[in-house]
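Chain by chain, the residues:
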Amino acid sequence: MNPVINFVELENRVISATYRNLMIGAKVFLVDKTSGQQLSDPVTVINSKVPQGSLRIRLPDAVTAGAYYLKALNGHGDYAAKSVEFYIS
């Protein structure tokens, strides 16, 4: 059971993504690819009892242009999955 998070699209500062094999309590973070820094906002928590689904993450104005990716941590805080790189302009 390998967790997966897939970036789908970015439109109007809203990220759409899908996930598979992420359980309740898993957290999805936005990470700045250049610095490797995990942003403190936005953080999305998986609340669904079903281990697959979709996410819509609204970006705050503080998120600047650059290369990013999504990183998922399981309910214990361990690395679970990472999306492909995408760009915010």
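Refer to the structure printed above.
Residues numbered from 1 in each chain as written. Predicted model: local features only at pLDDT ≥ 70, side-chain atom pairs only at ≥ 80, totals over all residues. Heavy atoms only, no water.

## Quick look at the pairing of strand β2 (residues 14–20)
Inclusion rule: For each residue, the accessible area found with a 1.4 Å probe, counting protein chains only, is set against the maximum for its type, and the residue is called buried under 20%, exposed over 50%, and partly exposed in between. Here a strand is any run of E in DSSP of at least two residues, a helix any run of H or I of at least four, and the numbering for each starts at the N terminus. What makes two strands pair is DSSP finding at least two bridges between them.
Counting buried positions along β2 yields five of seven residues, so the element is predominantly enclosed. Bridge count between strand β1 (residues 4–11) and β2: seven bridges; the pairing is antiparallel. Pairing of Glu 11 across the sheet is with Val 14, part of β2. Hairpin connection between β1 and β2: a loop of two residues separates the two successive antiparallel strands, and Asn 12 in this loop has a positive phi of roughly 55 degrees.

## Digging into the pattern of salt bridges
What counts here: Salt bridges, as used here, are contacts in which a Lys or Arg side-chain nitrogen is within 4 Å of a carboxyl oxygen on Asp or Glu.
Taken as a whole, this structure holds one salt bridge when the rule is applied. Notably, a salt bridge pairs Lys 33 with Glu 85, separated by 3.3 Å at the nearest N-O pair. With a gap of 52 residues between them, Lys 33 in the loop between β3 (27–32) and β4 (38–45) and Glu 85 in the loop between β7 (79–82) and β8 (86–88) connect regions that are remote in the sequence.

## Regarding the sheet that holds strand β5 (residues 52–58)
Spelled out, the test is: Simply put, an axis is a line fit to the C-alpha atoms, just over the touching stretch for a helix, and the angle between two N-to-C directions goes from 0 to 180 degrees.
The sheet built from three strands is open, its strands ordered β1-β2-β5 with antiparallel pairing. The open sheet terminates on both sides in strands that have one partner only, identified here as β1 and β5. The mean angle between the axes of side-by-side strands here comes to 20 degrees, regardless of whether they run parallel or antiparallel. Relative to β5, β2 runs antiparallel, the two being bridged by seven bridges. By the bridge assignment for β5, Thr 18 is matched with Ser 54.

## Details of the nonpolar core
Here is the rule we go by: Nonpolar core, defined: a set of buried Ala, Val, Leu, Ile, Met, Phe, Trp, Tyr and Cys residues in which side-chain atoms within 4.5 Å join the residues together. Contacts: residue pairs with any heavy atoms within 4.5 Å of one another.
By size, the foremost hydrophobic cluster in this structure holds 21 residues, and its most contacted members are Val 28, Leu 30 and Leu 70. Of all the secondary structure elements, the ones that give two or more residues to this core are β2, β3, β5, β6 (66–73), β7 and β8. Discounting chain neighbours no more than four positions away, the residues touching Leu 70 are Ile 5, Ile 15, Ala 17, Val 28, Phe 29, Leu 30, Ile 57, Ala 81, Lys 82, Ser 83 and Phe 86.

## Describing the packing of aromatic side chains
What counts here: A pair of Phe, Tyr and Trp rings is counted when the ring centres sit within 6.5 Å of each other, with Trp represented by its six-membered ring. The angle between the planes then sorts it: under 30 degrees is stacked, over 60 is edge-to-face, the rest tilted. Sitting over a ring, as applied to charges here, requires NZ of Lys or CZ of Arg to be within 6 Å of the ring centre and within 35 degrees of the ring normal.
The full count for this structure, using the stated rule, is one aromatic pair. The interplanar angle of 5 degrees and the centroid separation of 4.2 Å between the aromatic rings of Phe 7 and Phe 86 together place this pair among those described as stacked. In this pair, Phe 7 sits in strand β1 while Phe 86 sits in strand β8, placing the two residues 79 residues apart along the sequence. On the accessibility criterion, Phe 7 (22% relative accessible area) is partly exposed. For Phe 86, a relative accessible area of 4% puts it in the buried group. Above the ring of Tyr 69, the side-chain terminus of Lys 82 is found at 4.7 Å from the ring centroid.

## Re the environment of Ala 81
Tracing the backbone through its elements, the reader meets Ala 81 in strand β7. The class of Ala 81 is buried, set by a relative accessible area of 5%. Between the C-alpha atom of Ala 81 and that of Leu 55, which follows or precedes it by 26 residues, the distance is 14 Å. In contact with Ala 81, other than residues within four places in its own chain, are Pro 3, Val 4, Ile 5, Leu 70, Lys 71 and Ala 72.

Read these as spatial facts, not as claims about activity.
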